[in-house]
Amino acid sequence: MERNARENPVQPPFTAEQALGLIRMAGGLAVLVPPNEMDDTFPVAAFDGIAAYGSHARADTARYLSLARRYGLLVTGGSGFLSENRPPHRPGAVDFYGQEQRISADFLAAATHLNKEKRSFHHDSI
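Residues numbered from 1 in each chain as written. Predicted model: local features only at pLDDT ≥ 70, side-chain atom pairs only at ≥ 80, totals over all residues. Heavy atoms only, no water.

Considering the packing of aromatic side chains
Next, step 1: Tallied over the entire structure, the rule returns three aromatic pairs.
Next, step 2: Consider the rings of F42 and F47, whose centres lie 6.4 Å apart with planes at 15°: the pair is stacked.
Next, step 3: Following the ring pairs from residue to residue traces out a cluster consisting of Y53, F96 and Y97. (Phe/Tyr/Trp six-rings, centres within 6.5 Å; stacked < 30°, edge-to-face > 60°.)

Some thoughts on the pattern of salt bridges
Next, step 1: The tally for this structure, following the rule as stated, stands at two salt bridges.
Next, step 2: Of the charged contacts in the structure, one is a salt bridge between D48 and R24, with a shortest N-O distance of 3.1 Å. Of this pair, D48 sits in the loop between β1 (31-32) and β2 (49-53) while R24 sits in helix α2 (residues 16-25), and the two are 24 residues apart along the sequence.
Next, step 3: The partly exposed category is assigned to D48, whose relative accessible area is 24%.
Next, step 4: Judged by relative accessible area, R24 falls into the partly exposed class, the value being 34%.
Next, step 5: Here R102 and D106 are joined by a salt bridge, their closest N and O atoms 3.4 Å apart. Here R102 pairs with D106, and both are found in helix α4 (residues 100-124), just four residues apart, close to one helical turn.
Next, step 6: The class for D106 is partly exposed, based on a relative accessible area of 35%. (Salt bridge = Lys/Arg side-chain N within 4 Å of Asp/Glu carboxyl O. Helix = DSSP H or I, 4+ residues; strand = E, 2+ residues; numbered from the N terminus. Buried < 20%, exposed > 50% of the residue type's maximum accessible area, 1.4 Å probe, protein only.)

Regarding the sheet that holds β2
Pairing between sheet strands relies on hydrogen bonds along the backbone, with the strands arranged either parallel or antiparallel.
Next, step 1: Pairing is parallel in the open sheet, where three strands are placed in the order β1-β2-β3. In this open sheet, the two strands that pair with only one neighbour each are β1 and β3 (74-77).
Next, step 2: Sheet topology note: the β2/β3 ladder contains four bridges and is parallel. Among the inter-strand pairings, G49 is bridged to a residue of β3, identified as L74.
Next, step 3: Against the sheet, helix α3 (residues 58-71) engages β2 and β3, with an angle of about 155° to β2. (Pairing = 2+ DSSP bridges. Contact = heavy atoms within 4.5 Å. Axes fitted to C-alpha atoms, helices over the stretch in contact; angles between N-to-C directions.)

Let's talk about the side chain of T76
Next, step 1: Tracing the chain through its elements places T76 in strand β3.
Next, step 2: Apart from residues no more than four positions distant in its own chain, T76 is found in contact with V31, I50, A51, A52, Y53, F96, I103 and F107.

Section: unusual backbone geometry
Glycine aside, a negative phi is what most residues show, and trans is what most peptide bonds show.
Next, step 1: Non-glycine residue Y97 carries a positive phi angle of around 50°.
Next, step 2: Here Y97 lies in the loop between β3 and α4.

These figures capture arrangement, not role.
Below, the structure written as structure tokens:
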């Protein structure tokens, strides 16, 4: 969002709260891809999940998993394609330390639950 604001100064930028609201209104889950400079004041609890696994150090993975447990966040991962200062990673190159099936099942369950809630809300409002 910050990069978009710099590259498109005419278009007003979204606030984080607006972006999270739009994601949820569209039926999505707001998953945080932790920034490298994230400190303890970052509003982690505002998200539905955190990309704990990725192209970062193993110590960072442990920190993000701890945050997920503390705030009850869904755990996901990504391959770091957004990083401009690191070499590119091929799709699927992330090490999930043998947790792939559990992470996939948890994410699918959360997405299915969200989809059922959205259908129920839509049906009730007609």
